[in-house]
Amino acid sequence: MYRENKPIHIGPYDHPDIYPGPRPSSSFVYHNGKAHRIDEQQNVPIEEQVVQYSMGEEVTGTLSFSSPTKLTVNELLKSEGLTSIEDRIPLLAYGSNVCLAQLKYKFSLNPDLNDFILFFRANIVDTDVVAGSFLAPYGALPAVIAPVTGAKTEVWVTFVEREQLELLNRTEGSYVLREHQGEKLMLTTGERFERVYAYYYPHALLREGSMVRFMDIPGQSPLPSMWQADLLNELKGLMGYEGHREEFIHELRWNSILQSKVSTLLAGMEEKFDHSDWVEPTGFHTLKEMKRSCK
């Protein structure tokens, strides 16, 4: 089972225990299948933040080590001939879309698509990341964003091209895109944006009368936290599955009859909600079409 110290090279498509996946400890650029650390300077706009650009081959890139090659985000985009910051859409990542192995898998679905995405750490209040009451195709209980008064949760704001957004949309199943218009979200560097979009599905797992957040995700919340592995252990017990754990994991992923039974069970354990901080968008705006400010 995977709990602490989840391996960075394994994603939820490899094993559901990994979900939501190891999370980098700093903001980063994902490019050419690698992470390039951002130095996170306070009160500096995202396009002027400095990137430690990796010349190595490891997916972890410069997350652990510094690089002699340092470029601002703007300089890097120009040198690669890529879409400017102003023409990108701010999209929240809070589940497996922060996991490097998951990103590698998703972009492998369209190898011709440029994979350059900025990931900036942020905090959001009155929203928490909790387990959904449904099963992902790879056998995990995936994350949803839910209203939790007083919670302060680490999330990531990514900046994507429209074509990248379309690719991600195709991997997000029943989720729809919602828009956050309040001022409850701020990058750890102090910057705010008028609008941020996120994948939204208002069905949370209700366990012992409470929604449950993921142990992997930093934050302050009145909700209990659990590892995905322990959620799956409980699910195995509730289903009365008599085989060993890895058999159950395999069946969750490949046995449509068991999947249907699990889905029926989870439907009886769900809490439906409406999160008033997240509203239906009238369109998807790029940064040049919205207000932004530094603290």
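Our subject in this report is the structure included herewith. Keep in mind that this is a model prediction, so the values were computed, not measured. (Residues numbered from 1 in each chain as written. Predicted model: local features only at pLDDT ≥ 70, side-chain atom pairs only at ≥ 80, totals over all residues. Heavy atoms only, no water.)

1. Structural notes on the packing of aromatic side chains
For the structure on display, the rule yields 15 aromatic pairs. Seen in terms of ring centroids, Tyr-13 and Tyr-105 are 4.0 Å apart; in terms of plane orientation they differ by 35°. Their pairing is tilted. Residue Tyr-13 is located in the segment before β1 (28–31), and its partner Tyr-105 is located in helix α2 (residues 100–108); the two are separated by 92 residues in the primary sequence. Given a relative accessible area of 27%, Tyr-13 falls into the partly exposed group. For Tyr-105, a relative accessible area of 33% gives the class partly exposed. Plain terms: the ring middles of Phe-120 and Phe-159 are 6.2 Å apart, the flat faces sit at 80° to each other, and that makes the pair edge-to-face. Remark: Phe-159 occurs in strand β7 (residues 143–160) and Phe-120 occurs in strand β6 (residues 117–131); sequence separation between them is 39 residues. Per residue, the accessibility class of Phe-120 equals that of Phe-159, and both read buried. (Phe/Tyr/Trp six-rings, centres within 6.5 Å; stacked < 30°, edge-to-face > 60°. Helix = DSSP H or I, 4+ residues; strand = E, 2+ residues; numbered from the N terminus. Buried < 20%, exposed > 50% of the residue type's maximum accessible area, 1.4 Å probe, protein only.)

2. Examining empty space enclosed by the protein
Within this structure, the stated rule accounts for 3 cavities of 30 Å³ or more. Estimates place the volume of the largest cavity at around 60 Å³. Around the largest cavity, the lining residues are Leu-141, Leu-205, Leu-231, Glu-234, Leu-235, Leu-238, Leu-266 and Met-269. The element that contributes the greatest number of residues to the lining of the largest cavity is helix α4 (residues 228–239), accounting for 4 residues. Of the residues contributing to the lining of the largest cavity, the split by class is 7 nonpolar, no polar and 1 charged. With 3 residues, strand β5 (residues 89–93) is the single largest residue contributor to the lining of the second largest cavity. A class-by-class count of the residues in the lining of the second largest cavity yields 8 nonpolar, 2 polar and no charged. (1 Å grid on protein atoms, 1.4 Å probe; cavity = no way out; pocket = protein on both sides within 12 Å on 5 of 7 lines; lining within 4 Å. Points joined across faces, edges and corners; volume = space filled by probe spheres on them. Nonpolar A, V, L, I, M, F, W, Y, C, P; charged D, E, K, R; others polar.)

3. Considerations on the layout of surface pockets
Estimated volume of the largest pocket: approximately 410 Å³. Around the largest pocket, the lining is made up of 24 residues, and of these Tyr-138, Pro-142, Thr-171, Glu-172 and Tyr-175 lie nearest the centre. If you list the elements that add at least two residues to the lining of the largest pocket, you get β5 and α2. Along the lines of polarity and charge, the residues of the lining of the largest pocket split into 15 nonpolar, 7 polar and 2 charged.

4. Here we look at the pairing of β5
The two faces of a sheet get side chains in turn, since along a regular strand they alternate between them. Counting buried residues along β5, 5 of its 5 residues qualify, which places the element largely inside the surrounding structure. With 5 bridges joining them, β5 and β7 adopt antiparallel strand pairing. Opposite Pro-90, over in β7, you have Phe-159 as the bridge partner. (Pairing = 2+ DSSP bridges.)

5. Focus: the packing of α4 against helix α6 (residues 256–267)
The geometry of α4 relative to α6 is characterised by a closest axis approach of 11 Å and an angle of 100° between their N-to-C directions. Considered as vectors, α4 and α6 are oriented roughly perpendicular to each other. In this structure, α4 contributes Leu-235, Leu-238 and Met-239 to the contact, and α6 contributes Leu-258, Lys-261, Val-262, Leu-265 and Leu-266. Residue classes in the contact of α4 with α6 are distributed as 7 nonpolar, no polar and 1 charged. (Axes fitted to C-alpha atoms, helices over the stretch in contact; angles between N-to-C directions. Parallel < 35°, antiparallel > 145°, perpendicular 65-115°, else oblique. Contact = heavy atoms within 4.5 Å.)

So, to be careful, I would describe these as geometric facts and stop short of saying anything about function.
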